[in-house]
There are 6 protein chains.
Amino acid sequence: MYSVNVRDHFMIAHSFRGEVFGPAQRLHGATYVVDVTFKRGELDDDGVVVDIGRATAEVSTILDAFRYRNLDEEPSFGGKNTSTEVLAREIFDRVARAVQEGKLGAGARGLAAMCVTLRESHVAWGSYEGQL
Amino acid sequence: MYSVNVRDHFMIAHSFRGEVFGPAQRLHGATYVVDVTFKRGELDDDGVVVDIGRATAEVSTILDAFRYRNLDEEPSFGGKNTSTEVLAREIFDRVARAVQEGKLGAGARGLAAMCVTLRESHVAWGSYEGQL
Amino acid sequence: MYSVNVRDHFMIAHSFRGEVFGPAQRLHGATYVVDVTFKRGELDDDGVVVDIGRATAEVSTILDAFRYRNLDEEPSFGGKNTSTEVLAREIFDRVARAVQEGKLGAGARGLAAMCVTLRESHVAWGSYEGQL
Amino acid sequence: MYSVNVRDHFMIAHSFRGEVFGPAQRLHGATYVVDVTFKRGELDDDGVVVDIGRATAEVSTILDAFRYRNLDEEPSFGGKNTSTEVLAREIFDRVARAVQEGKLGAGARGLAAMCVTLRESHVAWGSYEGQL
Amino acid sequence: MYSVNVRDHFMIAHSFRGEVFGPAQRLHGATYVVDVTFKRGELDDDGVVVDIGRATAEVSTILDAFRYRNLDEEPSFGGKNTSTEVLAREIFDRVARAVQEGKLGAGARGLAAMCVTLRESHVAWGSYEGQL
Amino acid sequence: MYSVNVRDHFMIAHSFRGEVFGPAQRLHGATYVVDVTFKRGELDDDGVVVDIGRATAEVSTILDAFRYRNLDEEPSFGGKNTSTEVLAREIFDRVARAVQEGKLGAGARGLAAMCVTLRESHVAWGSYEGQL
């Protein structure tokens, strides 16, 4: 299995609901360093997993919808807790859709799986991995 | 599959038995930076893999049994080589037991798998991954 | 010159005033990984720059005043932009005061200088360095 | 599943063929930081995944064939694009052969799988993972 | 003294002249992860060291002149060894000129010093630091 | 001022004397990732700060005296606490002597200063910097 990873980041404000979150129930924020890993069994005709330039540009465009925002006010989350895991899944779904719509190139339709990891500090991260 | 990772570290002395270990047969030591990765197919009712606060606290308590010790004198290893791999497995087993005893919260019983990684330098690490 | 560094982190929400900040004028947030570096010409009687245990605990206590907060509502900033540089200086001043009040131990009064660095992503950081 | 990882690096020149590569069609170069991860279900008689000293030495010997070279002129690539993914696979195959020839010790024949990751910058990497 | 750092990278081919360079006399290449650190005694009117957005954009533009090139053929180096140190100095001079020409904003003229660091692998880096 | 840095590591056992060290008074150990930074005002005739190959080899030879040892039994420390700061200074002195003895090449005699940093975990490090 071949993999290729691109990295970007975004900074947001949010708060959590539920006693389990303790002081994180207050409005606070985070920098998320995002790793999107693309996977497939065989390389495409150019000898790559994905066109890394287009992948980087498309991931950046998708993250633009999150950059410098208060996620508590984003209708797409409808009041759901925007935990690191939930955000990783949301970004996974959006990149997966872009792959299916051909935005990463025709060759990217051969991708088998993807993993999105969000690093929120030097000691904690969350991720979502799934088939494409 | 969703994942969440917490990081901690501990510093120990030990020595290895077996010619293959060369100069590491002498009494020496190591800093191990520990990553514990929790995995599950679906998030719990709070929208997380595990209560990261409780996970961090429980991992820290488990590592207290290793901190600032000479592992050659720890009865729990019974003279076994405390290689990075063996230590990763030992910590895996102890965190797994804590999960089963409910110490990471009721929701943590839904965890599917776990991976424990011990980084011993900027160029080497070992890990153990298994089902829960 | 000897140095010792301890690391911690905190997560906050804030916004900036001034056109130069572009989209960062919106309410957003950040994770700051904080490095506090203590410096002195000669070691103290225990052969260290500072009691690293006390330094770690004191820095953590000082950062508690920032953790999981919306800095726009913190009276201590009085509407000032809480840029990375400004936050580094604020933390520098608070740790410097703790040193002078003896909270890091009597030996710490021999400290000559200090640097506080705040890493806000994998590509950007700010710091403030000064004499003690 | 147990894993052990060793790290090394090499620096090469190369160019790519294909419009998709844009300016990378020009002769340029890269530093690749190489992680070779060895995996197996049970530890060997010494309680390790692999003799880490021999693994480090053998990986270094294998990378000697790439160090400080212009890959466009290496006959073993026969004009194929030496993308990060292709290089990861090539190194995988060479280390796998060394394992089979007993160069990492008799115990290493019990290895189950391997992953070779090449980090080309702070924001991008590629890898190849397979059974042994 | 306040500092702010921005990070970027570029990938080039080159070779060195002089026996001291051993195998690096052959045509090879490198990824350089570039840190440009801006320093000043007091913050500007916006409470920052430099407009980080403009600094990032300007550094990127300056590095465009190096990206995906064979430095042996760049007339600006005139056959000089493009060691990590020499490249750090060259980039320092170009960013310094941009500061003086006002390309980082009027406030940037108050900058006191700058340091350019080029990381060429996980084990080696070089830098040039000077007054502005 | 130009700088060049080389990195290596070593693993040792030791214990500390003094109540301030708490549980670190027990025999334990550490991995130290070592950065040696060489500095000078002008480059040598080859356009470098120091012959990086010779510097790497010489630092490695100096660290051989520490690798896989119990520092409590090393006569050169004579019962002194081998804190991170003390070790950084000891390594500084040994590399400085090697520079003066010409072991890093004739050009290295033009070095102006040096900094030795020992990273003992992902959250703590110590260093010693001085003139040559």
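Residues numbered from 1 in each chain as written. Chains lettered and ligands numbered in written order. Predicted model: local features only at pLDDT ≥ 70, side-chain atom pairs only at ≥ 80, totals over all residues. Heavy atoms only, no water.

**Notes on the overall build of chain A**
Moving on, step 1. Across its full length, chain A carries two helices and five strands.
Moving on, step 2. Reading the secondary structure of chain A in the N-to-C direction produces β-β-α-β-α-β-β.
Moving on, step 3. Against the 2.2 N^0.38 benchmark of 14 Å for 132 residues, chain A shows a C-alpha radius of gyration of 16 Å, consistent with a compact globule.
Moving on, step 4. In terms of overall dimensions, chain A has a C-alpha envelope of 50 × 25 × 20 Å along the principal axes.
Moving on, step 5. In chain A, which comprises 132 residues, the proportion classed as buried is 62%.
Moving on, step 6. Contacts in chain A between residues at least 24 apart in sequence constitute 66% of all its contacts with a sequence separation of at least 6.
Moving on, step 7. Counting every atom, chain A has about 5100 Å² of accessible surface; 46% of that belongs to carbon and sulfur. (Helix = DSSP H or I, 4+ residues; strand = E, 2+ residues; numbered from the N terminus. Rg over C-alpha atoms; globule rule 2.2 N^0.38 Å. Buried < 20%, exposed > 50% of the residue type's maximum accessible area, 1.4 Å probe, protein only. Contact = heavy atoms within 4.5 Å. Areas by Shrake-Rupley, 256 points an atom, 1.4 Å probe, with all protein chains shown as cover.)

**Observations concerning the packing of helix H1 (residues 52-64) of chain E against helix H2 (residues 84-100) of chain E**
All names here are of chain E.
Moving on, step 1. Look at H1 against H2: their axes get within 10 Å of each other, and the N-to-C directions meet at 130 degrees. When the axes of H1 and H2 are compared, the pair comes out oblique. For the pair H1 and H2, the sense of crossing is right-handed. Facing H1, whose interface residues are Glu58, Val59, Ile62 and Leu63, H2 presents Ile91, Arg94, Val95 and Ala98.
Moving on, step 2. Class assignment of the residues belonging to the contact of H1 with H2 gives a composition of six nonpolar, no polar and two charged. (Axes fitted to C-alpha atoms, helices over the stretch in contact; angles between N-to-C directions. Parallel < 35°, antiparallel > 145°, perpendicular 65-115°, else oblique. Left-handed = near helix turned anticlockwise from the far one by under 90°. Nonpolar A, V, L, I, M, F, W, Y, C, P; charged D, E, K, R; others polar.)

**Topic: the relation of the copies chain E and chain F**
Moving on, step 1. It takes a turn of 120 degrees to lay chain E on chain F, together with a shift of 0.0 Å along the axis; the resulting RMSD is 0.0 Å. Put plainly, the chains are arranged around a three-fold axis. Closest approach to the rotation axis among the C-alpha atoms of chain E is made by E:His122, whose C-alpha sits 8.7 Å away. (Least-squares fit on C-alpha atoms with pLDDT ≥ 70 in both.)

**Brief notes about the interface of chain E and chain F**
Moving on, step 1. Taken together, the 15 residues of chain E in the interface contact 16 residues of chain F.
Moving on, step 2. For the pair chain E and chain F, the two sides together bury roughly 1300 Å², of which 52% comes from carbon and sulfur.
Moving on, step 3. The interface formed by chain E and chain F holds zero salt bridges in total.
Moving on, step 4. For the pair chain E and chain F, the interface holds seven residue pairs in polar contact (both at pLDDT 80 or more).
Moving on, step 5. Those elements giving two or more residues to the side of chain E that touches chain F turn out to be H2 and strand S5 (124-131) of chain E.
Moving on, step 6. In terms of residue count, the dominant contributor to the side of chain E that touches chain F is S5(E) (six residues). (Buried area = accessible area lost by both parts, 1.4 Å probe. Salt bridge = Lys/Arg side-chain N within 4 Å of Asp/Glu carboxyl O. Polar contact = N/O pair within 3.5 Å; in protein donor to acceptor, adjacent residues only side chain to side chain.)

**Some thoughts on the interface of chain A and chain C**
Moving on, step 1. Taken together, the contact between chain A and chain C spans 23 residues of the former and 23 residues of the latter.
Moving on, step 2. Counting the surface lost from both chain A and chain C, the interface buries some 1900 Å², and carbon and sulfur atoms represent 63% of this.
Moving on, step 3. If you look at where chain A meets chain C, you find eleven residue pairs in polar contact (both at pLDDT 80 or more).
Moving on, step 4. Elements with a contribution of two residues or more to the side of chain A that touches chain C: strand S1 (2-14), strand S2 (28-40) and strand S3 (69-70) of chain A.
Moving on, step 5. When the residues that make up the side of chain A that touches chain C are grouped by side-chain class, the tally is ten nonpolar, seven polar and six charged.

**Quick look at the side chain of A:Glu85**
Moving on, step 1. Of note, A:Glu85 is situated in helix H2 (residues 84-100).
Moving on, step 2. Not counting residues within four places of it along the chain, the set of residues in contact with A:Glu85 comprises B:Tyr2, B:Ser3, B:Val4, B:Leu43, B:Gly47, B:Val48, B:Val49 and B:Val50.

**Digging into the pattern of salt bridges**
Moving on, step 1. Scanning the model with the defined rule gives 48 salt bridges over all chains in all.
Moving on, step 2. One salt bridge connects A:Arg67 with A:Asp64, and the closest N-O pair in it is separated by 2.7 Å.
Moving on, step 3. In this structure, E:Asp93 engages E:Arg89 in a salt bridge whose closest nitrogen and oxygen atoms are separated by 3.3 Å. Separated by four residues within a single helix, E:Asp93 and E:Arg89 lie in helix H2, roughly one turn from each other.
Moving on, step 4. Owing to a relative accessible area of 28%, E:Asp93 belongs among the partly exposed residues under this scheme.
Moving on, step 5. For E:Arg89, a relative accessible area of 27% corresponds to the partly exposed category.
Moving on, step 6. Three or more residues joined by partner-sharing salt bridges are found here, namely A:Arg7, A:Asp35 and A:Arg119.

**Some details on helix H2 (residues 84-100) of chain D**
Helical geometry: 3.6 residues make up each α-helical turn, so side chains three or four residues apart lie on a common side.
Residue and element names in this part refer to chain D.
Moving on, step 1. Over its 17 residues, H2 extends 24 Å from the first C-alpha to the last, a length consistent with the 24 Å expected when each residue adds 1.5 Å.
Moving on, step 2. Burial of H2 is extensive: 13 of the 17 residues sit out of reach of the surface.
Moving on, step 3. Looking at the residues trailing H2, positive phi occurs at Gly102, about 80 degrees. (Expected span 1.5 Å × (residues − 1).)

**With respect to the pairing of strand S5 (residues 124-131) of chain B**
Moving on, step 1. Where strand S4 (residues 113-119) of chain B lies against S5(B), seven bridges are found, and the strand directions are antiparallel. What sits directly across from B:Cys115, in S5(B), is B:Glu129.
Moving on, step 2. Of the strand pairs in this sheet, S5(B) and strand S1 (residues 2-14) of chain D are connected by five bridges, and their pairing is antiparallel. Its bridge partner being in S1(D), B:Gly126 is matched across the sheet by D:Val4. (Pairing = 2+ DSSP bridges.)

**A look at the confidence of the model for chain A**
Moving on, step 1. In the predicted model, chain A carries a mean pLDDT of 96, and the fraction of residues at 70 or more is 100%.
Moving on, step 2. Among the scores for the predicted complex, ipTM is 0.95 and pTM is 0.97. (pLDDT = per-residue confidence, 0-100.)

**A short note on helix H1 (residues 52-64) of chain C**
Residues and elements named next belong to chain C.
Moving on, step 1. Under the 1.5 Å per step criterion, the end-to-end length of H1 is 18 Å for 13 residues, consistent within 8% with the ideal 18 Å.
Moving on, step 2. Those residues of H1 not exposed but buried are Ala55, Glu58, Val59, Ile62 and Leu63. Within H1, the buried residues cover an arc of 135 degrees as seen down the axis, which keeps them to one side.
Moving on, step 3. On its buried side, H1 packs onto strand S1 (2-14), strand S2 (28-40) and helix H2 (84-100).
Moving on, step 4. Where H1 begins, the side chain of Asp51 points an oxygen toward the backbone nitrogen of Gly53, at a separation of 3.1 Å. (Arc of directions from axis to C-beta.)

**Describing the relation of the copies chain A and chain C**
Moving on, step 1. Once turned by 180 degrees and shifted 0.0 Å along the axis, chain A lies on chain C with an RMSD of 0.0 Å. Given the turn and translation reported, the copies of this chain are related as if by a two-fold rotation axis.
Moving on, step 2. Here 100% of the interface residues in chain A have copies in chain C that are interface residues too; the copies meet face to matching face.

**Remarks on unusual backbone geometry**
Residues and elements named next belong to chain C.
Moving on, step 1. In this structure, Tyr68 is a non-glycine residue whose phi angle is positive, near 55 degrees.
Moving on, step 2. Relative to the helices and strands, Tyr68 resides in the loop between H1 and strand S3 (69-70).
Moving on, step 3. Overall, Tyr68 belongs to the partly exposed group, its relative accessible area being 24%.

**As for the environment of F:Thr37**
Moving on, step 1. Tracing the sequence through the fold places F:Thr37 in strand S2 (residues 28-40).
Moving on, step 2. Judged by relative accessible area, which is 7%, F:Thr37 ranks as buried.
Moving on, step 3. Taking the C-alpha atoms as reference points, F:Thr37 and F:Val116, separated by 79 residues in sequence, lie 6.4 Å from one another.
Moving on, step 4. Those residues in contact with F:Thr37 that lie beyond four places of it in its chain are E:Trp125, F:Ser3, F:Val4, F:Asn5, F:Ala113, F:Met114 and F:Cys115.

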